[in-house]
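Breakdown of the fold
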Amino acid sequence: MTVHLEVSEGIGTLRLDRPPMNALNVAVQDRIKELAEEAGRREDVRAVILYGGEKVFAAGADIKEMRDMDHAAMVVRARALQESFTAVARIPKPVVAAVTGYALGGGCELALCADYRIAADNAKLGQPEILLGLIPGAGGTQRLSRLIGPSRAKDLIFTGRQVRAEEALSLGLVDQVVPAAEVYEEARAWAARLVRGPALALRAAKESVDAGLETDIETGLTVERNWFAGLFATEDRERGMRSFVEEGPGKAKFL
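Residue numbers run consecutively from 1 along every chain, following the written order of its sequence. This being a predicted model, a pLDDT of at least 70 is required before a residue's local features are given, and a value of 80 or more before pairs of side-chain atoms are given or counted; all residues contribute to the totals for chains, interfaces and linings. Values shown for side chains rest on all heavy atoms present in the structure; no hydrogens or waters enter the calculation.

Take the packing of aromatic side chains next. Geometrically, a pair of aromatic rings is defined through the distance of the ring centres and the angle of the planes. Two aromatic rings, drawn from Phe, Tyr or Trp (for Trp, its six-membered ring), form a pair once their centres lie within 6.5 Å of each other, and the interplanar angle then sorts them: stacked below 30 degrees, edge-to-face above 60, tilted otherwise. Evaluation of the coordinates by the stated rule reveals three aromatic pairs. Here Tyr 51 and Tyr 184 contribute two aromatic rings whose centre-to-centre distance is 4.7 Å and whose plane-to-plane angle is 35°, an arrangement assigned as tilted. Of the two residues, Tyr 51 is situated in strand S3 (residues 47-51) and Tyr 184 in helix H8 (residues 183-195); the sequence distance between them amounts to 133 residues. The buried label goes to any residue with under 20% of its type's maximum accessible area, the exposed label to any with over 50%, and the partly exposed label to all in between, with areas taken from a 1.4 Å probe on protein chains only. The exposure class assigned to Tyr 51 is buried, which follows from its relative accessible area of 10%. Where Tyr 116 meets Trp 190, the ring centres are 5.2 Å apart and the plane angle is 10°; that geometry is what we call stacked. Here Tyr 116, found in strand S6 (residues 116-120), pairs with Trp 190, found in helix H8; they are 74 residues apart in sequence, far enough to count as distant. Residue Trp 190 is classed as buried on the basis of its relative accessible area, which comes to 12%. By the criteria applied, helices consist of DSSP H or I runs no shorter than four residues and strands consist of E runs no shorter than two, each listed in order from the N terminus.

Before going further, it helps to examine the sheet that holds strand S8 (residues 162-164). Strands were regarded as paired on the criterion that DSSP finds at least two bridges between them. The three strands lie next to each other as S5-S7-S8, forming an open sheet whose pairing is mixed. If you trace the sheet from one side to the other, it starts and ends with strand S5 (102-104) and S8, each paired once. Shown here is a sheet whose adjacent strand axes are inclined to one another by a mean of 20°, direction ignored. With three bridges connecting them, strand S7 (residues 124-126) and S8 associate as antiparallel partners. Residue Gly 126 lies in a different strand from S8, and its bridge partner there is Gln 162. An axis is simply a line fitted to the C-alpha atoms; with a helix, the fit covers only the stretch in contact. Between two such axes, the angle follows the N-to-C directions and lies from 0 to 180 degrees.

In structure tokens, the structure reads:
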């Protein structure tokens, strides 16, 4: 298989495994969607890591495969491509990308689907599609501009340039930079902090933030209000408040 879902201690690692560069061909795209949906359903998965291995996250689409597609074929495929990445973005659990080496084109777009991005100090990210006479097609024009702002996103998309980890951090494209050998373990540490948290409240927080970014503030506030009130019907809310009153803040156990 070109993509695996490995589960350990409540953390699901969605691992790309298509050497040497994890090129995102149709089979990989479809497998990503399948496993992202599985991770969302599985009760033993409480947080997810996106990972391409020690050397490379994903260097982009399979250009040789794409070259053979005509307009009619891509009209059909483009929707499936976006749906596979959207499945990752909509995993109703915390998702962290552990970025090593290259995360270019579709690789960068996949990292954008995570809630948090940890990059190796040797990582390079970018959206080079313009150099092929194209634009990002897996969410890059939308998720990148929402993350780092339209002018910075346009600079990366218009020029197709690659940015090193430190510049990516300054742009807000990644959230943390660590030595290359520590990327995956740092991502596991980030995920582990959330594994034992209140699963429904984490889902509510994620969906409220994401929905709010896609609409006006009044609609976003309505989403937040409905989730906030709904959580008062959960056992986790009862457990959390009881622990706060009896033991003080930050001591509740939700598992």
